[in-house]
Amino acid sequence: PEDIKQIEEWTGLSCGKVIFDSNVDDWNQNTSVFNDRISGRSQLLFVVEDENRNTFGYYLETTVDPDGFAQKWIATDNKTFLFSELKDFLPLFRI
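Residues numbered from 1 in each chain as written. Predicted model: local features only at pLDDT ≥ 70, side-chain atom pairs only at ≥ 80, totals over all residues. Heavy atoms only, no water.

Draft legend 1. Structural detail: the overall build of the protein chain. A tally of helices and strands in the protein chain yields three helices and three strands. Shown N-terminal to C-terminal, the secondary structure of the protein chain runs as helices and strands in the order α-α-β-β-α-β. With 95 residues in all, the protein chain has 22% of them scored as buried. The long-range share in the protein chain, meaning contacts at least 24 apart out of those at least 6 apart in sequence, stands at 36%. A total accessible area of about 7,700 Å² is found for the protein chain, and carbon and sulfur atoms account for 52% of it. (Helix = DSSP H or I, 4+ residues; strand = E, 2+ residues; numbered from the N terminus. Buried < 20%, exposed > 50% of the residue type's maximum accessible area, 1.4 Å probe, protein only. Contact = heavy atoms within 4.5 Å. Areas by Shrake-Rupley, 256 points an atom, 1.4 Å probe, with all protein chains shown as cover.)

Written out as structure tokens, the structure reads:
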């Protein structure tokens, strides 16, 4: 897809496998496998798709510390970026 090509261009990398999918993997507050899947990994792409198929997320270059927080990761990674693509955007205000 065109979205993937754009992200690959921005990062200089090829997109790999999905390591966590909230539609398939455990996402419950006390039992989620999310942290286990991302700990110790680097060059991660986090993508969220809403019910209108709008996508947004961010790219993280640095390695995720098992006991770190997102704020720590972003603060020390100068290659991190946010992105969004709004497919069915309705303006909140009309002029």
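Draft legend 2. Broad picture of unusual backbone geometry. A positive phi angle is found at Gln 43, which is not glycine, with a value near 50°. Counting through the fold element by element, Gln 43 comes out in the loop between α2 (34-38) and β1 (44-49). Residue Gln 43 is classed as partly exposed on the basis of its relative accessible area of 40%. Of note in this structure, Arg 53 is not a glycine but carries a positive phi near 70°.

Draft legend 3. Spotlight on the sheet that holds strand β3 (residues 81-85). If you walk across this open sheet you meet the three strands as β1-β2-β3, and the pairing is antiparallel. Bordering the open sheet on either side are β1 and β3, each of which pairs with just one other strand. Shown here is a sheet whose adjacent strand axes are inclined to one another by a mean of 15°, direction ignored. With six bridges joining them, β1 and strand β2 (residues 55-60) adopt antiparallel strand pairing. When the sheet's bridge partners are listed, Glu 49 is paired in β2 with Thr 55. (Pairing = 2+ DSSP bridges. Axes fitted to C-alpha atoms, helices over the stretch in contact; angles between N-to-C directions.)

Draft legend 4. The arrangement of the packing of aromatic side chains in detail. Applying the stated criterion across every chain, the model contains seven aromatic pairs. Each residue in the set Phe 20, Trp 27, Phe 34, Phe 46 and Tyr 58 is aromatic and connected to the rest through ring pairs, giving one cluster. (Phe/Tyr/Trp six-rings, centres within 6.5 Å; stacked < 30°, edge-to-face > 60°.)

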